[in-house]
Amino acid sequence: MKLVVAKCIGLYINLLGYIAPNDAARLAISLFSKPRKGKHTQEAHDFLNTAFQEEVFFNGTSIMTYRWPGIHETILLVHGWESNAFRWEALINKLRLKNHNIVAVDAPGHGKSGSKSFNIIDYSEYLKVVTYKFNVQAIIAHSFGGMATIFFQYKYQVPLLKKIVLLGAPSNLEDVIKRYTKMMGFNTIVTNALKAFYLQHFGHSPEYYHAAKFTKAIKTRGLIIHDPEDHIIPYRDALEYQAFYPNVKLITTENLDHSLKSEAVDQHILEFIAD
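What you are looking at is a predicted structure, and each value in this text was computed from that prediction instead of being measured. (Residues numbered from 1 in each chain as written. Predicted model: local features only at pLDDT ≥ 70, side-chain atom pairs only at ≥ 80, totals over all residues. Heavy atoms only, no water.)

S.K.: Can you help me understand the environment of Leu-97 in this one?
M.R.: Along the polypeptide, Leu-97 turns up in helix α4 (residues 89-97). Sequence separation between Leu-97 and Gly-70 is 27 residues; the distance between their C-alpha atoms is 9.4 Å. (Helix = DSSP H or I, 4+ residues; strand = E, 2+ residues; numbered from the N terminus.)

Right under this line is the structure:
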């Protein structure tokens, strides 16, 4: 049913593209960047209220941070699309037992952060601000949060950041947009207008934002965890990271799909952080 609705919306945008391609591109981008979920439940509120909460600002928009103090390395937890900081509850509890200094964020348009929209490029700039503010030494990131982390570290090469964990992370923005345009059934006019939008607003076309290739220039140690049954981000993206990232280890899971929530995954992360 969701696919049928997407195709119907895509047909409307296609027709609009013949008349007003810029308007069609803006509408397509708007749909692509407005999360339908990602707000906190009462359970999330209760857990996140155990942390010190502080807003950090970038370009006038706030990003909410949650901090559980500890005496060991500072670890930043970065969620993906239509999620929020609460996704890390189980891992946070384990890291607290190890007495790590823990920081988690709500992405723009998610949780208690500002903005009604989300894009991965701006997300990477927020991560830069948070990383410098809290002297982050390791980042654990899921899905689009992983791609944003690579964008940020490639651009800024923060020397204090020693370890990056990528959980089910997409390897390049062009393929993400291709999957979106295929799902929506967009024609060439709308697809080209989308590419032009990125070039106009961010200075580069989507094909520039190839996270896996960016890792060639990253010295930070990496751990990739991905599942072949991931129906959101294909397993081939993990293999692409492995092919380019010079200092990385790939762990392949079974039957965990895209969420990768399990005791085994948490244990792999804890061992990597401790190493």
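S.K.: How do you make sense of helix α11 (residues 263-274) when you look at a structure like this?
M.R.: Side chains of residues three or four places apart in an α-helix project in the same direction, reflecting 3.6 residues per turn. Here α11 is twelve residues long and its end C-alpha atoms lie 16 Å apart, about the 16 Å a rise of 1.5 Å per residue gives. Of the surrounding elements, those touching the buried residues of α11 are β3 (72-78), α4, β4 (100-105), β5 (138-142), β6 (163-167) and β7 (221-226). (Expected span 1.5 Å × (residues − 1). Contact = heavy atoms within 4.5 Å.)

S.K.: Looking at this model, I keep getting lost on the packing of helix α2 (residues 21-33) against helix α7 (residues 173-184). Mind explaining?
M.R.: A pair of packed helices is captured by two measures, namely the crossing angle of their axes and the spacing between those axes. α7 packs onto α2 with a crossing angle of 105° between their chain directions and a minimal axis gap of 12 Å. Considered as vectors, α2 and α7 are oriented roughly perpendicular to each other. Contact residues: α2 offers Ala-28, Leu-31 and Phe-32, while α7 offers Val-176, Ile-177, Tyr-180 and Met-184. Looking at the contact of α2 with α7 residue by residue, the classes come out as seven nonpolar, no polar and no charged. (Axes fitted to C-alpha atoms, helices over the stretch in contact; angles between N-to-C directions. Parallel < 35°, antiparallel > 145°, perpendicular 65-115°, else oblique. Nonpolar A, V, L, I, M, F, W, Y, C, P; charged D, E, K, R; others polar.)

S.K.: For this particular structure, what's the right way to read the packing of α2 against helix α8 (residues 188-202)?
M.R.: At their nearest, the axes of α2 and α8 sit 8 Å apart, and the two run at 75° to each other. In terms of orientation, α2 and α8 fall into the roughly perpendicular class. Seen from α2, the contacting residues are Pro-21, Ala-24, Ala-25, Arg-26, Ala-28, Ile-29 and Phe-32; seen from α8, they are Ile-189, Val-190, Ala-193, Leu-194, Phe-197 and Tyr-198. Taken together, the residues that form the contact of α2 with α8 break down as twelve nonpolar, no polar and one charged.

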